[in-house]
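# Inside the fold
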Amino acid sequence: MPLLLSLFFGFVPVFFLAWVVYWLDRYEKEPKLLLGGVFLWGAVVAAGAAYVINSVLGLGVFLLTNSEITTDLTTGSIVAPLVEESLKGLAVLLVFLVFHSEFDSLLDGVIYAGIVALGFAATENAYYIYTLGFKEAGYTGLFGMVFVRVIMVGWQHPFYTAFIGIGLAVARLNRSWLVKAVAPLAGWSAAVFTHAFHNTLGSLLAGGLGMCFASLLDWSGWLVMLAFILWATWREQRWIIQHLREEVALGVISLPQYRTACSGWAQSVARFTALLDGQYRNTLRFYQLCASLAHKKQHLATLGDEGGNRAAIERLRAELKRLSPYAHA
């Protein structure tokens, strides 16, 4: 029973947090299959490999120093941030390289990074809830650790790894080869630094007052990241408003459909009404393509025809024309 509870509280709250991250992507949803893949990478590959590597390197530090305090501090402040952010970031890098066409904006980088990090957090939370919670203090420790891992530090891993996604997205959206080379490294460095800072602070600040101060810093950082996500969402909306005006004039989409495409709330209403007459899939696909078209037109304006943006725009226009009679507005 304690193990099942640990798995439940490790994974179920994280599924809710993953839904929140998915919901934040208001206009151009990423493929669920791909998001599921990066979540599994975080939960199985990254978490499993990190456990082995952290343990081996931690043992090496202990053999060198013969000090548990030094080992814990070194593992938490240096080893774990380097290893864990590299393993989580590798999944985001693979999406960036293999599924380049799905990596269209800063928000996409945050979404993929956040989902892989939540997969990692689910496995890590279940492990800590059981070993440091139940095994050390029974059910009181178990529920106490649930509060710490889910409520107090629930967003820590997505926050760190988001910087890797942002770095890769900046590289994706720039022509400069210097930016393409530096931005991913800067994003990874920021992820490692924030992770190391949190772990070091947690090690040095013991007691209730110290935990409250660390939590205040954590939540401040998360709120800043939320503000960044809202700005990135607003920017995507501006792209849609700007680039889809022409599609109304070209007869690709209607004026009511244009207005719906420019509003996340209006799209939700359109999908609901489409559900009632069997046009949900067509309506969902239509507005997804509207956002994709706006992104491709933005890429054409800023990056030129790299990756065949012109051809992609024409393909999207053709499919939108086909779906337009079935899409609710």
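A quick note: this is a predicted structure, and the numbers were derived from the prediction, not measured.

## Side note on the overall build of the chain
If you tally the helices and strands in the chain, you get 11 helices and zero strands. Reading the chain from its N terminus to its C terminus gives the helix and strand order α-α-α-α-α-α-α-α-α-α-α. Along the first, second and third principal axes, the C-alpha atoms of the chain reach 75 × 50 × 30 Å. Classification of the 329 residues of the chain by burial places 49% in the buried group. Counting contacts in the chain only where the partners sit at least 6 residues apart, residues at least 24 apart contribute 77% of the total. Taking the average place of the 23 positive charges on the side chains of the chain and the average place of its 21 negative ones, the gap between the two points comes to 10 Å.

## Some points on the pattern of salt bridges
Using the criterion set out here, one finds 12 salt bridges in the structure. When the shortest N-O distance is used, the salt bridge between Asp104 and Arg172 registers 3.8 Å. Residue Asp104 is located in the loop between helix 3 (68–98) and helix 4 (106–152), and its partner Arg172 is located in helix 5 (residues 156–172); the two are separated by 68 residues in the primary sequence. Exposure remark for Asp104: the relative accessible area of 2% places this residue in the buried category. Classification of Arg172 by relative accessible area gives buried; the value is 4%. Note that Glu319 and Arg285 form a salt bridge whose closest N and O atoms lie 3.2 Å from each other. Here Glu319 is found in helix 11 (residues 309–323), whereas its partner Arg285 is found in helix 10 (residues 280–303), with 34 residues between them in sequence. Using a relative accessible area of 21% as the deciding quantity, one classes Glu319 as partly exposed. Using a relative accessible area of 39% as the deciding quantity, one classes Arg285 as partly exposed.

## Digging into a nonpolar patch on the surface
Side chains of Met1, Leu3, Leu4, Leu7, Tyr139 and Phe143 sit close together on the surface and give an oily, nonpolar patch of about 640 Å² of accessible area. Put simply, the parts of the chain that give the nonpolar patch at least two residues each are helix 1 (2–24) and helix 4. Of all the elements, helix 1 adds the most residues to the nonpolar patch, at three residues. Mapped onto the elements of the fold, Phe143 is located in helix 4. On the accessibility criterion, Phe143 (44% relative accessible area) is partly exposed.

## A look at helix 3
Over its 31 residues, helix 3 extends 42 Å from the first C-alpha to the last, a length consistent with the 45 Å expected when each residue adds 1.5 Å. The sharpest bend along helix 3 reaches about 40 degrees and sits at Thr75.

## Describing the packing of aromatic side chains
Per the stated rule, a full pass over the model turns up 17 aromatic pairs. With 5.8 Å between their ring centres and 40 degrees between their planes, Phe228 and Trp231 make a pair best called tilted. With Phe228 and Trp231 both in helix 7 (residues 207–249) and three residues apart, this pair spans about one turn of that helix. The rings of Phe8, Phe9 and Phe143 are connected pair by pair, giving a single aromatic cluster. Positioned above the aromatic ring of Tyr22 is the side chain of Lys29, whose terminal nitrogen or guanidinium carbon lies 4.3 Å from the ring centre. The ring of Phe120 has Lys88 sitting right over it, with the charged end atom 5.3 Å from the ring centre.

## Regarding the confidence of the model for the chain
Of the residues in the chain, 98% reach a pLDDT of 70 or more, and the chain-wide mean stands at 91. Across the chain, the element-wise mean pLDDT spans from 87 in helix 7 up to 95 in helix 5.

## Considerations on helix 9 (residues 264–276)
In this model, helix 9 (13 residues) spans 19 Å end to end at C-alpha, consistent with the 18 Å of a helix rising 1.5 Å per residue. Along helix 9, the residues classified as buried are Gly264, Gln267, Ala270, Arg271 and Ala274. Along the axis of helix 9, the buried residues cluster in a sector spanning 115 degrees; they form a single face. Opposite its buried face, helix 9 presents the exposed residues Trp265, Phe272 and Leu276, each directed more than 90 degrees away. Here the buried face of helix 9 lies against helix 8 (255–261) and helix 10. Capping the start of helix 9, Ser263 holds a side-chain oxygen 3.4 Å from the backbone nitrogen of Trp265, two or three residues further along. Trailing helix 9 by a residue or two, Gly278 shows a phi angle of about 80 degrees, which is positive.

## Focus on the nonpolar core
What tends to happen in soluble globular proteins is that the nonpolar side chains get buried as a cluster. Core analysis: the biggest nonpolar cluster contains 38 residues, and Phe39, Val92, Phe103, Tyr112, Ile115 and Leu118 have the highest contact counts within it. At the level of elements, helix 1, helix 2 (32–65), helix 3, helix 4, helix 5 and helix 7 are the ones that each hand at least two residues to this core. The leading source of residues in this core is helix 4, at 10 residues. Aside from chain neighbours lying at most four places away, what touches Val92 is Phe103, Tyr112, Ala113, Val116, Gly165 and Leu168. The next biggest cluster of nonpolar side chains, apart from the first, holds 22 residues, and it includes Ile240, Ile253, Ala261 and Leu289.

The rules behind these values
Residues numbered from 1 in each chain as written. Predicted model: local features only at pLDDT ≥ 70, side-chain atom pairs only at ≥ 80, totals over all residues. Heavy atoms only, no water. Helix = DSSP H or I, 4+ residues; strand = E, 2+ residues; numbered from the N terminus. Buried < 20%, exposed > 50% of the residue type's maximum accessible area, 1.4 Å probe, protein only. Contact = heavy atoms within 4.5 Å. Lys, Arg positive; Asp, Glu negative; His and termini not counted. Charge placed at Lys NZ, Arg CZ, Asp CG, Glu CD. Salt bridge = Lys/Arg side-chain N within 4 Å of Asp/Glu carboxyl O. Patch = residues over 30% accessible without salt bridge, like charges linked within 9 Å, V, L, I, M, F, W, Y side chains within 5 Å. Areas by Shrake-Rupley, 256 points an atom, 1.4 Å probe, with all protein chains shown as cover. Expected span 1.5 Å × (residues − 1). Bend = angle between axes of the 7 residues up to and from the residue. Phe/Tyr/Trp six-rings, centres within 6.5 Å; stacked < 30°, edge-to-face > 60°. Lys NZ or Arg CZ within 6 Å of the ring centre and 35° of its normal. pLDDT = per-residue confidence, 0-100. Arc of directions from axis to C-beta. Polar contact = N/O pair within 3.5 Å; in protein donor to acceptor, adjacent residues only side chain to side chain. Core = buried A, V, L, I, M, F, W, Y, C linked by side-chain atoms within 4.5 Å.

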